[in-house]
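# Summary of structural features
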Amino acid sequence: MDHYFYPVNDFGPLMKGMVIGGIGIIHVFLAQFAIGGGILLCYFQRLAMSGRNALAREFVDGYFRWLVLISFVLGALTGVSMWFTTIQVGPRTIGLMVDQFHWLWATEWTFFCLEVAAGYAFYRYGTRLTDRTRFSLLATYSFAAWMSLFWINGILSWQLTPAGWLSTHDVWQGMFNPSFWPSLIFRTISSLSEAGLFACLIINFVPHWTREQKASMFNQAFRFLVPMTLMPVVGAWYFGVVPEDSREWVFGESVAMNMFLMISVGASVLIGIYAAVMLINRRMFLNGTTSLLLIVLALAATAGGEFVREGMRKPYTVRNMLYSNSITESEAAELRKKGSVASDPYPLRDEASYPNRQLVVGAKVYRMQCAVCHTEDGANGLLGLTKTWTPEQQRLNIAQLQRTKPFMPPFAGPPEELESLVQWLRWRVAGKPATWKESNDPAVLAKIQAHLDEVGTAPGIAVARTVANPTSP
Ligand code: HEC
């Protein structure tokens, strides 16, 4: 099997995942608001048409419309920058996704075009149209916006739970994978809640509304937070269908993931309590600062949720198919014989300054197999993580990487590459001295080979089972 080499980008002290995550969180937050905002506009337009609420029309034609427009433009831009960043980090994963799901993507883009057309038409001509047409335009905009979530959600949830697709490669099985529905429902609820919170912020800004008028509008907007009561059920459903090991990391073994989950849950609970109080006490007032604070909490909830979702997939970008470092399980076995960087055509940036060939290989192995999740000495920096270890410890722990941490892929190279990596780590920690002796003691290499053979190339989760019960196959 051929292994592909792609030129990837490096963001210095920032972990690649952090760059994608940072843009991703902003994108998700804006895009979800653009969906929920459209639905909220529909609801207020309906209220205006029913004649029950004289303020509703003013609201629909006011600042909120602007905010939806801005978020939808920024949502689209950050969406594009997401793909632009991900292809610099995980080109193989994105390539696989495009290969498998190009028609779904095309469908998503068609809805996106409809969304743009309907949204812009409303924004530009809304005030001159009849009520019915206004409503139709808003409904078209919202439906199209939600449908783009519908399609993209299929592709994203497939990455974590491809399930039956793994054996059939059937597009529909991939699209409607086990976590499709809970994640779609969860995101829809989040979209509605965000819209309600932003509506409150805008209501505060209408200068000529009285306190009572604003209170009545808050009450309408907060109805969009009622579906949040379903979040615990939908969340439980989601965690019920994700792989068991992912669930275990989130709920215990990984402190970082657990903390982010708690931030997300905690922020949502706070918003929920506030919404309940507002809905029960109809005369209660909400000022601009509090609305902004609630929006920040919603952003924290989104950030925590996205972090957990992305983190849970480790060590894969496509579960059971492609490790995060773009190597498949069967390729890992192959690369242990052939070497992972032997035919890597891309030079290092500062290759001439390396004292010997072995260190160049080591740096390339790091770039190929580790750099997608680690930096050298920044976030999750490898030098820091290994600097207290003896060479023996480094050799063993890296040779059995999936045992060291089950969310890391197995090492995918021969003992020579592993020793190069160890030497590179030691040379870097030593402060890059101008001379460095190559290490090629056959006894050391034989020992590394034994470590590699003993653990094989199975993922950590499978290895954990055999360690717990040594007699099982
Ligand atoms: C899929 C992502 C991923 C890949 C690929 C990956 N790691 Fe890691 N690694 C992690 C995470 C996450 C941690 C946990 C950091 C922590 O616990 O603070 C970690 C921790 C470590 C540690 C510290 C372990 C400990 O118990 O203290 C070492 C050493 C390490 N990685 C080495 C490597 C090497 C060498 C490679 C490449 C051959 C690699 N990793 C590839 C995600 C990855």
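Residues numbered from 1 in each chain as written. Predicted model: local features only at pLDDT ≥ 70, side-chain atom pairs only at ≥ 80, totals over all residues.

### Section: the packing of helix α1 (residues 16-50) against helix α13 (residues 288-311)
Viewed as axis vectors pointing N to C, α1 and α13 meet at an angle of 135°, and their least axial separation amounts to 9 Å. With respect to α13, the axis of α1 lies oblique. The chirality of how α1 crosses α13 is right-handed. For the pair α1 and α13, contact is made by Gly17, Gly21, Gly24, Ile25, Val28 and Phe29 and by Leu299, Thr302, Ala303, Glu306, Phe307 and Glu310, respectively. Among the residues making up the contact of α1 with α13, the classes are represented as six nonpolar, four polar and two charged. (Axes fitted to C-alpha atoms, helices over the stretch in contact; angles between N-to-C directions. Helix = DSSP H or I, 4+ residues; strand = E, 2+ residues; numbered from the N terminus. Parallel < 35°, antiparallel > 145°, perpendicular 65-115°, else oblique. Left-handed = near helix turned anticlockwise from the far one by under 90°. Contact = placed C-beta atoms within 7 Å. Nonpolar A, V, L, I, M, F, W, Y, C, P; charged D, E, K, R; others polar.)

### A look at the site of the ligand
With respect to spatial proximity, 22 residues lie near the ligand, and among them Ser324, Gln369, Cys370, Cys373 and Met408 are the closest. Elements with a minimum of two residues in the shell around the ligand: α15 (357-370), α16 (382-386), α17 (391-399) and α18 (401-404). The element contributing the most residues to the shell around the ligand is α16, with three residues. Here the shell around the ligand is built from residues that sort into 12 nonpolar, eight polar and two charged. (Near = placed C-beta within 6 Å.)

### Quick notes on the domain arrangement of the protein chain
Domain boundaries assigned for the protein chain yield domain 1 (16-322) and domain 2 (329-468). A separation of 40 Å is found between the C-alpha centroids of domain 1 and domain 2. At the interface, nine residues of domain 1 touch nine residues of domain 2. Per element, the largest residue contribution to the side of domain 1 that touches domain 2 is three residues, and it comes from α1. When grouped by side-chain class, the residues that make up the side of domain 1 that touches domain 2 number four nonpolar, two polar and three charged. (Domains from an automatic or database assignment.)

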